[in-house]
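Chain by chain, the residues run as shown.
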Amino acid sequence: MTADHIRQPAEPATPTIADTPSNTEPARRPPDDPGAALTPPEQVLRPHAEQLYADELAALAAEDELPRPPGWRLSPQAVVTYLLGDGGKISPKYVGQRRLMEVAVATLATDRALLLLGVPGTAKTWVSEHLAAAVSGDSTLLVQGTAGTAEEAIRYGWNYARLLAEGPTTDALVPSPVMVAMRTGAVARIEELTRMPSDVQDSLITILSEKTLPVPELTTEVQARPGFTVVATANDRDRGVNELSSALRRRFNTVVLPVPASVEEEVDIVSRRVAQLGRSLQLPEVPAAVDEIRRVVTVFRELRGGLTADGRTKLKSPTGTLSTAEAISVVTQGMALAGHFGDGVLRADDIAAGIVGAVVKDPVTDGVVWREYLETVVRERDGWRDFYRAARGVL
Ligand SMILES: Nc1ncnc2c1ncn2[C@@H]1O[C@H](COP(=O)(O)OP(=O)(O)OP(=O)(O)O)[C@@H](O)[C@H]1O
Ligand SMILES: [Mg+2]
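Residues numbered from 1 in each chain as written. Chains lettered and ligands numbered in written order. Predicted model: local features only at pLDDT ≥ 70, side-chain atom pairs only at ≥ 80, totals over all residues.

(A) The arrangement of the environment of Gln51 in detail. Its place among the elements puts Gln51 in helix α1 (residues 49-52). Its 18 C-beta neighbours within 10 Å are what place Gln51 among the partly exposed residues. Residues Gln51 and Asp138, 87 residues apart in the sequence, show an inter-C-alpha distance of 9.2 Å. Excluding residues within four positions of it along the chain, Gln51 makes contact with Leu38 and Pro41. (Helix = DSSP H or I, 4+ residues; strand = E, 2+ residues; numbered from the N terminus. Buried ≥ 20, exposed ≤ 12 C-beta atoms within 10 Å, placed from the backbone. Contact = placed C-beta atoms within 7 Å.)

What follows is the structure, given as structure tokens:
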């Protein structure tokens, strides 16, 4: 945050940000912005998408001849290619329907904000990070919505020491990620929008409809530069906690991210993510065992849907969500077990504990569901003896 981003009250009355260069310049964070100095990717546990995929983004930008919306780093076509991969050097990030991503990207090119909605673990956060990385080269302008999120997190706050010493000045103002995104023409991300109290959510209304953020204390405002937009995520399960007000709903286009359509698709997602995670955590090399991954995915899908894959046996569903995200962590944990304590091959033993841990969240009710599944389905299934034995051992 610097003084010159916001017009001093004493300056001539042009109600806009003083140092705005030209609107045709690509969106970029000001070099003096505190968050701009990022730690080199190889030194952090989890690099941001724009760091991890810097090469892909650069290659796409170099080849991209299609028109780019003002403030965008890539054309909408190239953003979708970045998300879905091109079968060659651009790796797929999102696995699913192309149309969904096209609708999401097209929304960002309009003056409406994007709301990604879905049950837990459907890649809402993941897609929002990659969208921000591809569109504005910066996925870090993030507000995490919680019941305790205050308006300052969306608008701006004050450095109280300076406020007391100097009164309200531009130096004493602490901008929110949304304000920084408006100033620089970038994508602001809001996670778990519906967990925030409704009055805090409503502070987005002026920002989204007027594209301005008034700062009455300084009798000024921050007007958004082209490229500014908001990508919010919300969890289906939180519905009813804090509903999205209808005024705000009208300002968002909603894209619902579905659970993976088939076992194959889910196995594909889990295999890719596990391989990436294994590399970044530097786990011992364990060959991706598609059979074990398929087993985890099958168990999760059957229990989630309350029906066996052959459609013959009805099942009770446990209380937990058993999302793709959980399948990914069960397999990653299994790889760590196999690599550090096993023989380097992912086996039923390595995934059994993780599966039971994911399914049995409530020892009483889920325990019953799991035992019933184990005895009626797993025990009878061809080729699943090893898993049955391993899972019995965990109970
Ligand atoms: N269709 C998909 N394509 C690619 N990755 C996926 C897909 N579905 C889930 N994942 C993976 O699942 C993991 C969890 O996704 P993410 O955290 O984005 O879920 P979420 O929808 O934000 O969940 P929550 O509601 O719990 O916040 C990520 O690692 C992501 O890569
Ligand atoms: Mg999320």
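(B) Broad picture of the site of ligand 1. Ala123, Lys124, Thr125, Trp126 and Ala325 are the nearest of the 19 residues found near ligand 1. Elements with a minimum of two residues in the shell around ligand 1: α5 (124-136), β8 (229-235), α11 (263-281) and α13 (324-340). The residue inventory of the shell around ligand 1, partitioned by class, reads 9 nonpolar, 8 polar and 2 charged. For the shell around ligand 1, the two domains that each supply at least three residues are domain 1 (3-256) and domain 2 (263-394). (Near = placed C-beta within 6 Å. Nonpolar A, V, L, I, M, F, W, Y, C, P; charged D, E, K, R; others polar. Domains from an automatic or database assignment.)

(C) Representation of α13 within the structure. When the terminal C-alpha atoms of α13 are compared, their 24 Å separation across 17 residues agrees well with the 24 Å that a helix rising 1.5 Å per residue should span. All of the buried residues in α13 are Thr324, Glu326, Ala327, Ile328, Val330, Val331, Thr332, Gly334, Met335 and Ala338. Those residues of α13 that are buried are in contact with α11, α12 (290-305) and α14 (348-359). (Expected span 1.5 Å × (residues − 1).)

(D) Broad picture of unusual backbone geometry. Of note, the phi angle at Thr219 is positive, near 40°, even though the residue is not glycine. Although it is not a glycine, Leu322 sits at a positive phi angle of roughly 50°. The residue Leu322 is located in the loop between α12 and α13 in this model.

(E) Representation of the environment of Gly393 in the model. If you trace the backbone, Gly393 turns up in helix α16 (residues 385-394). Placed 44 residues apart in sequence, Gly393 and Asp349 show a C-alpha to C-alpha distance of 9.1 Å.

(F) The nonpolar core, seen in detail. Grouped together as the largest cluster of nonpolar side chains are 63 residues, with contacts concentrated most on Leu114, Leu115, Leu131, Ala181, Val187 and Ala232. Tallying contributions element by element places α5 first for this core, with 6 residues. Look past the residues within four positions of Ala181 in its chain and what remains in contact with it is Leu141, Ala186, Val187, Ala188 and Phe228. The next biggest cluster of nonpolar side chains, apart from the first, holds 32 residues, and it includes Val267, Leu346, Ala352 and Tyr373. (Core = buried A, V, L, I, M, F, W, Y, C linked by C-beta atoms within 7 Å.)

(G) Inspection of the packing of helix α2 (residues 54-63) against helix α3 (residues 76-84) at higher detail. Interaxial distance between α2 and α3 falls to 10 Å at its minimum, and their mutual angle equals 150°. Considering the angle they form, α2 stands roughly antiparallel to α3. α2 and α3 meet at a crossing whose hand is right-handed. On the side of α2, the interface is formed by Glu56, Leu57 and Leu60, while α3 contributes Ala78, Thr81 and Tyr82. Class assignment of the residues belonging to the contact of α2 with α3 gives a composition of 4 nonpolar, 1 polar and 1 charged. (Axes fitted to C-alpha atoms, helices over the stretch in contact; angles between N-to-C directions. Parallel < 35°, antiparallel > 145°, perpendicular 65-115°, else oblique. Left-handed = near helix turned anticlockwise from the far one by under 90°.)

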